[in-house]
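Chain residues, written in single-letter form:
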Amino acid sequence: MKEQSSDSRKKTGLILVAETLDNRVLKISRELTGVISAIAGESAANSCFVACGDDITAQATELAQTTAIPVFAFQGPDLRLPNPEAMADAVCKVAREITPEYICFLHTTCGCHAAALTSVTLDIPCITAVENISHEDSGPLFCRSLFNGTIKMRLAVKSGPAVLTVLPGAFKPSKTTGLPGSGAEATLKTTSQRDTGFTPVDVAMGQGGDAALEHADIIVAAGRGIGDRENLAVVEELASLLPNATVAASRPLCDINWMPYSRQVGATGKTVSPRLYIACGISGAQQHVYGMKDSRCIVAINTDPNAAIFSVAHYCVVEDILTFLPLLAEEYKRLKNPG
Ligand SMILES: Cc1cc2nc3c(=O)[nH]c(=O)nc-3n(C[C@H](O)[C@H](O)[C@H](O)COP(=O)(O)OP(=O)(O)OC[C@H]3O[C@@H](n4cnc5c(N)ncnc54)[C@H](O)[C@@H]3O)c2cc1C
């Protein structure tokens, strides 16, 4: 595997599409600067952000100054809340002006929607859920996971430009952008209301203030393998026995309301690094693994010996959680209270 020459890297221009909410640029958007480093080396030349809002100037200026990357700030009546269709319109306008090599969205609900629309509108390819980028002589290769991380696939773009969606948590914000005094500025562009599509009406914030995961030494996390809601009792029982332990979940369990979102671990949930993480019936999809891979010790229990979670686990238990967890709890009680 060879590095691309620095000369060819400098020519690469990227449009990074920032996610905004209520005229705030979400922190996660800064991870996109890491994609510049991964594709184009240290040079951010020819790259820019696109950010949308109905009063976005101050935030766009701050983004330009702190990343040293120019920002096209689109301001319009329908843009206070995430609006993928209007976002795609804005991105296509910029793409027609600067003909970038890549257009990078975050792999979020809004980002995926806008990426698909941009890809179709500009008639260019779209590579989704990119989690890593390597280089061959021919150019960058984009890696993504299939079947919950059991298969990795690398893709090359035949000819640019291309749209990418990038997994949250996969790229760290670049340290080499953010040079103070770079002179990067925000350029304001106003847009009118779209006649078609939809209007985001409101958003409801999840309940904050649950810091249990951040403070726990041990996390017992349940995944879809738990089967039924009442089976969560075996996970809760184990957590109640272990010192400073609490329960967490993979996203599907939060989506069906079996566990609050404040307990979701993963790229779009919390990032945790407890002393012990016990993954119960969790397949090991990249989006989950990004949130727990830095745990000091990982124990995974799964009936599937090929589950991807075993590739990050220190201890792999191929067993039914409903058989194993009660036995583990009993054994722990016996050891704590001998006789
Ligand atoms: C934009 C985006 C963001 C996302 N963000 C997150 C995120 O932040 N966090 C997150 O977790 N996911 C996230 N996801 C979802 C993610 O891709 C996976 O779908 C999810 O992590 C899978 O959850 P799971 O492992 O619980 O379920 P599954 O993938 O269905 O796995 C269940 C596992 O349980 C095992 N099993 C079944 N029965 C038993 C049993 N009786 N005993 C033991 N093992 C058993 C199976 O072998 C399987 O491996 C995101 C997805 C997208 C598209």
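A few points on the structure. (Residues numbered from 1 in each chain as written. Predicted model: local features only at pLDDT ≥ 70, side-chain atom pairs only at ≥ 80, totals over all residues. Heavy atoms only, no water.)

## Quick notes on the packing of aromatic side chains
Okay, step 1: As enumerated under the stated definition, the model contains one aromatic pair in all.
Okay, step 2: Taken together, a centroid distance of 5.4 Å and an interplanar angle of 65 degrees make the contact between Y102 and F142 edge-to-face. Residue Y102 is found in strand β6 (residues 102-106), and its partner F142 is found in strand β9 (residues 139-146); the two are separated by 40 residues along the sequence.
Okay, step 3: Residue classification places Y102 among the buried positions, given a relative accessible area of 6%. (Phe/Tyr/Trp six-rings, centres within 6.5 Å; stacked < 30°, edge-to-face > 60°. Helix = DSSP H or I, 4+ residues; strand = E, 2+ residues; numbered from the N terminus. Buried < 20%, exposed > 50% of the residue type's maximum accessible area, 1.4 Å probe, protein only.)

## Some remarks on the sheet that holds strand β10 (residues 151-156)
Okay, step 1: Pairing is antiparallel across the open sheet formed by three strands, whose spatial order is β8-β9-β10. Strands with a single pairing partner mark the edges of an open sheet, and in this sheet they are β8 (132-136) and β10. The sheet shows a mean angle of 35 degrees between the axes of neighbouring strands, direction not considered.
Okay, step 2: Sheet topology places β9 next to β10; six bridges connect them, and they run antiparallel. (Pairing = 2+ DSSP bridges. Axes fitted to C-alpha atoms, helices over the stretch in contact; angles between N-to-C directions.)

## Details of the packing of helix α4 (residues 84-98) against helix α5 (residues 109-122)
Okay, step 1: Contact geometry for α4 and α5: axes closest at 8 Å, N-to-C directions at 45 degrees. It follows that α4 is oblique to α5 by the angle criterion. Helix-helix and strand crossings are classified by hand; for α4 and α5 the assignment is right-handed. Where α4 abuts α5, its residues P84, E85, M87, A88, V91, C92, A95 and R96 lie against C110, H113, A114, L117, T118, T121 and L122.
Okay, step 2: When the residues that make up the contact of α4 with α5 are grouped by side-chain class, the tally is ten nonpolar, three polar and two charged. (Parallel < 35°, antiparallel > 145°, perpendicular 65-115°, else oblique. Left-handed = near helix turned anticlockwise from the far one by under 90°. Contact = heavy atoms within 4.5 Å. Nonpolar A, V, L, I, M, F, W, Y, C, P; charged D, E, K, R; others polar.)

## Here we look at the site of the ligand
Okay, step 1: Inspection of the region around the ligand gives 26 residues, with N148, S250, Q264, T268 and S283 positioned closest.
Okay, step 2: Between A267 and the ligand, the recorded distance is 3.1 Å, taken from a backbone N or O atom to an oxygen atom.
Okay, step 3: Burial of the ligand by the surrounding chains reaches 81%, relative to a free accessible area of 990 Å².
Okay, step 4: If you list the elements that add at least two residues to the shell around the ligand, you get α8 (251-255) and α9 (286-292).
Okay, step 5: Tallied by class, residues from the shell around the ligand come to six nonpolar, 15 polar and five charged. (Near = heavy atom within 4 Å. Polar contact = N/O pair within 3.5 Å; in protein donor to acceptor, adjacent residues only side chain to side chain. Areas by Shrake-Rupley, 256 points an atom, 1.4 Å probe, with all protein chains shown as cover.)

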